[in-house]
Amino acid sequence: MTENASAAEPLAADSAIAVVGMSGRFPGAPDLATYWENLLGGLCSVTDFTEAELIADGADPQEVRGRDHVPAKGHLADADRFDAELFGFNRTEAAALDPQHRLLLQTAWSALEDAGRSPLGGSARTGVYVGGGPTEHMLAAQTDPRLAASIGALQVRILTDREFLAPWVSYRLGLEGPSLTVQTACSTSLTAVHLAVQSLLLGECDTALAGGVAVDTVRKRGYVHQQGGIYSPDGRCRPFDERAGGTVPGNGVGVVVLRRLSDAIADNDPVRAVIRGSAVTNDGATKVGFTAPGVDQQTAAIEEAWASAGLDPADAQYLEAHGTATALGDRIEAAAATAAFKGALGTGRIGIGSVKSNIGHLDAAAGVAALIKSVLMLEHATLVPNADAGRPHPELGFDDSPFHLVGRATAWPEPEQGPRRSGVSSVGIGGTNVHVVLEEAPRRGGAGRPETEGATEVLLLSARTREGLAVVAGRLAGALRAPGAPSLADTAHTLCVGRAPLAVRGYVRAGSRSEAADLLAELASGGAAGLGGPDPLGEAWLAGDPVVREGAGRRVALPTYPFAGESHGAYRLVPVAPATPVGEQPEQGGRSADLERDVRALIAEALALEDADDPEMTYFAAGGDSLTAVHLVGCLRDDFDLDVPITLFLEQLTLHEMARRIVAAQDGDDSLDALLSEFEAE
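All of these numbers come straight from a predicted model, not from anything done at the bench. (Residues numbered from 1 in each chain as written. Predicted model: local features only at pLDDT ≥ 70, side-chain atom pairs only at ≥ 80, totals over all residues. Heavy atoms only, no water.)

A.B. asks: Could you give me a rundown of the overall build of the protein chain, with the residues and numbers involved?
C.D. replies: Looking only at helices and strands, the protein chain features 23 helices and 22 strands. Counting across all 682 residues of the protein chain, residues that qualify as buried make up 55%. For the protein chain, long-range pairs separated by at least 24 residues make up 79% of all intrachain contacts whose partners lie at least 6 apart in sequence. Split by element, the accessible area of the protein chain, about 27,500 Å² in all, is 51% carbon and sulfur. (Helix = DSSP H or I, 4+ residues; strand = E, 2+ residues; numbered from the N terminus. Buried < 20%, exposed > 50% of the residue type's maximum accessible area, 1.4 Å probe, protein only. Contact = heavy atoms within 4.5 Å. Areas by Shrake-Rupley, 256 points an atom, 1.4 Å probe, with all protein chains shown as cover.)

A.B. asks: Describe unusual backbone geometry, naming the residues involved and giving the relevant values.
C.D. replies: Residue Asp 388 is not a glycine yet carries a positive backbone phi of 50°. Turning to its location among the elements, Asp 388 is positioned in the loop between β14 (382-383) and β15 (403-405). The class of Asp 388 is partly exposed, set by a relative accessible area of 48%. With a phi angle near 60°, Asp 641 is a residue other than glycine that sits in the positive phi range. As for its position among the elements, Asp 641 is in the loop between α21 (626-640) and α22 (655-664). Residue class for Asp 641 comes out partly exposed when judged on its relative accessible area of 45%.

A.B. asks: Give me the state of the cysteines: which residues, what numbers.
C.D. replies: By the definition in use, this model includes 0 disulfides. With no disulfide of its own, Cys 237 lies 8.7 Å from the sulfur of Cys 44, the closest cysteine sulfur. Look at Cys 237 and you get buried, because its relative accessible area is 4%. (Disulfide = S-S within 2.5 Å.)

A.B. asks: So what's going on with the confidence of the model for the protein chain? Residues and values would help.
C.D. replies: Of all residues in the protein chain, 90% have pLDDT values of 70 or greater, and the mean over the chain is 88. Note on residues 1-8: pLDDT under 50 across the span, and 20 contacts to partners over four residues away in sequence or across chains. Taken together, the stretch residues 666-682 has pLDDT below 50 and engages in 27 contacts with residues farther than four places along the chain or on a different chain. (pLDDT = per-residue confidence, 0-100.)

A.B. asks: Just give me the short version of the sheet that holds strand β21 (residues 530-531), but keep the residues and values in it.
C.D. replies: Taken in spatial order, the 3 strands of this open sheet run β19-β20-β21, and their pairing is mixed. Only two strands of the sheet have a single partner each, and these edge strands are β19 (457-463) and β21. Across the face of the sheet, helix α16 (residues 466-481) comes into contact with β19 and β20 (504-510) while running at roughly 140° to β19. Its contacts with the sheet put helix α18 (residues 513-524) on β19, β20 and β21, and the angle it makes with β20 is roughly 150°. (Pairing = 2+ DSSP bridges. Axes fitted to C-alpha atoms, helices over the stretch in contact; angles between N-to-C directions.)

A.B. asks: Break down the pattern of salt bridges for me, with residues and values.
C.D. replies: Per the stated rule, a full pass over the model turns up 41 salt bridges. For the salt bridge of Arg 243 with Asp 388, the shortest nitrogen-to-oxygen distance reads 3.3 Å. Of the two residues, Arg 243 sits in the loop between β9 (223-224) and β10 (252-260) while Asp 388 sits in the loop between β14 and β15, which places them 145 residues apart along the sequence. The exposure class assigned to Arg 243 is partly exposed, which follows from its relative accessible area of 37%. Bridged by salt links that share partners, the residues Arg 117, Arg 259, Asp 267, Asp 269 and Arg 555 form one connected network. (Salt bridge = Lys/Arg side-chain N within 4 Å of Asp/Glu carboxyl O.)

A.B. asks: Mind laying out the sheet that holds β15, listing which residues take part and the relevant values?
C.D. replies: A sheet is described by the order of its strands in space; here 11 strands give the open sequence β7-β6-β8-β10-β1-β11-β18-β17-β12-β13-β15, paired in mixed fashion. Each edge of the open sheet carries a strand with a single partner, namely β7 (179-181) and β15. Across the sheet, the axes of successive neighbouring strands diverge by a mean angle of 25°, strand direction being ignored. Sheet analysis places strand β13 (residues 350-353) next to β15, joined by 3 bridges and oriented parallel. By the bridge assignment, Ile 352 is partnered in β15 with Leu 405.

A.B. asks: Got a sec to walk through the packing of aromatic side chains? Specific residues and values, please.
C.D. replies: Applying the stated criterion across every chain, the model contains 16 aromatic pairs. Centroid distance Phe 82 to Phe 87: 5.6 Å. Interplanar angle 15°. Geometry classified as stacked. Both residues of the pair, Phe 82 and Phe 87, count as buried. Between Trp 306 and Phe 341 the ring centres are 6.4 Å apart and the planes differ by 75°, which places this aromatic pair in the edge-to-face class. Remark: Phe 341 occurs in the loop between α13 (327-340) and β13 and Trp 306 occurs in helix α12 (residues 295-308); sequence separation between them is 35 residues. (Phe/Tyr/Trp six-rings, centres within 6.5 Å; stacked < 30°, edge-to-face > 60°.)

A.B. asks: Got a sec to walk through the environment of Met 22? Specific residues and values, please.
C.D. replies: By the element assignment, Met 22 lies in strand β1 (residues 17-25). Since its relative accessible area comes to 3%, Met 22 is described here as buried. Sequence separation between Met 22 and Ala 210 is 188 residues; the distance between their C-alpha atoms is 9.7 Å.

A.B. asks: Tell me about helix α9 (residues 165-173), and please be specific about residues and values.
C.D. replies: Those residues of α9 that fall on the buried side of the exposure criterion are Leu 165, Ala 166, Trp 168, Val 169, Ser 170 and Leu 173. Buried residues in α9 make contact with α5 (99-114), β6 (126-132), α8 (153-160), β7 and β8 (207-214). Just beyond α9, the residue with positive phi is Gly 174, at close to 70°.

Set out below in structure tokens:
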């Protein structure tokens with residue numbers, strides 16, 4: 001423990017940040033309710049595609065039928081659908097708008113509604129901190145001369161570049177706080193959360209949206225496994241597991257709404273969890289390569305985050321790890337976490353897991369997916385398992401560490417001192433490490449509280465279309481019938497202050513939840529716009545007049561807007577015919593001087609060297625690194641049928657000697673253990 005902190009230290013509302021709203025779409029989960037059910041069941045939501053599915057969706061048949069192709073991905077269904085008119089885009093603009101922008105706009109809208117705040121309420125001091133990944137749509141649109149000629153090159157860039165993710169959200173939702181697009185590779189969305197927290201604590205905004213999106217393509221796609229690369233050979237991601245072989249790509253989007261805890265309590269916001277502290281570090285040059293992770297600064301990020309919370313890492317009961325399931329990544333993360341949490345008394349006391357086992361690696365959205373998972377676990381007081389969890393990898397040293405790999409859903413017992421707490425980590429290529437300290441929400445009465453006897457409330461509903469209004473009414477009816485439903489007064493208050501007034505409107509007047517649910521079901525089935533008897537407030541609402549509901553209430557979580565936009569497709573890159581191999585395929589057993597020359601030329605091409613004949617030039621002096629080595633191993637296998645151990649590229653060899661060694665290699669293997677040993681030795 002630190003001198004100033006203990007597990008029982010009271011929560012400081014003036015320095016803590018409340019998570020008051022969340023929304024997300026992840027593989028296998030169109031909403032967070034489904035996401036939780038999948039997590040609770042330990043379900044792997046990675047999709048295995050058939051060859052026919054992939055080819056029908058435009059994949060290259062030659063690549064799909066290749067021996068190293070893996071037909072799996074954390075696929076996001078209906079990622080090309082968008083309610084364009086709701087956000088003021090015409091059909092031409094909507095088609096050009098990158099799917100990441102579309103999804104992020106809708107998710108930001110839903111997150112604000114989940115927080116009980118109108119998405120079009122003109123919250124002047126609301127900041128936006130989000131990021132995204134590179135997309136096929138963006139690359140194709142920005143290189144299409146016909147599109148540039150049609151709507152203008154600048155407009156193409158504004159509608160497709162991830163640089164404008166945050167500004168579009170601020171513009172379309174009327175949010176005048178800071179608006180930052182964040183980019184730190186795989187740790188983007190958790191870095192965005194950290195920046196939003198800092199902005200709130202500095203008083204730069206009063207509410208903040210934070211998160212990320214990653215949709216590299218809306219189409220069904222697998223990937224090519226490369227020896228020594230980061231991707232799994234079998235389409236499954238098993239973080240910290242003895243069967244771990246790499247990660248699996250995935251798509252998704254997530255946004256959280258943050259407020260200072262003191263403000264959230266004062267405004268009766270639905271606090272879902274509390275962020276007690278956060279920190280960001282970078283590995284700098286203290287690692288063996290640009291793409292490699294580092295132990296020391298991962299440890300520092302964890303320690304600094306808990307120190308900023310006035311707590312000790314030993315106060316945690318769970319760690320949601322980055323967990324890529326790569327041998328190097330898992331080993332380094334386990335070492336860093338063990339060092340940071342060393343004060344935890346008792347071996348195996350802290351649970352550890354990674355949501356990548358369920359949905360794959362969501363790149364820029366990975367961190368927010370992990371954060372939302374952790375908030376849901378705190379809300380439900382339940383630890384959920386890694387999907388298909390097995391035994392921990394023996395080389396990670398969990399048997400003599402504070403951690404145990406969560407293998408099944410278990411109740412999260414209340415600690416002897418203090419509330420439930422967890423840490424969430426995210427690591428980006430390039431070295432940006434982020435850690436966030438989460439705590440369960442302070443106990444407050446209200447959920448399912450008894451209704452005032454005889455009190456009548458008017459529930460105001462609206463949507464863009466009549467069909468949408470029917471869905472809104474039906475979903476709300478289901479929510480009011482569910483166990484632990486909010487009071488009718490709180491429901492009416494939230495609908496009045498926390499929803500945008502759209503064109504098609506209706507209302508119901510009722511004196512109890514059950515009566516309201518029945519009337520809402522009737523409205524959903526095509527009933528009159530006003531049900532339960534005439535009401536002045538309801539009639540003013542139907543007439544389009546401004547309305548103000550009398551009486552106080554709490555903002556509560558209710559079903560959010562049912563987006564039902566049509567498919568606007570996505571631009572795609574036209575496949576380029578494969579280039580002629582640098583050299584002819586050699587006959588089996590033939591290892592000639594010509595082959596050495598061709599291999600040397602391949603290496604020089606990968607390193608962008610004009611002169612491949614310098615006998616003194618070494619691989620490292622020419623700018624070679626581990627990422628280029630992975631690329632070269634794949635090219636040598638595909639173009640020359642040469643299996644080369646990746647460790648060969650870590651030796652101090654001239655290009656001439658390297659080419660000779662490559663040609664002479666017989667039945668080489670990846671030797672990843674040797675690579676790890678080399679990294680550790682350095």
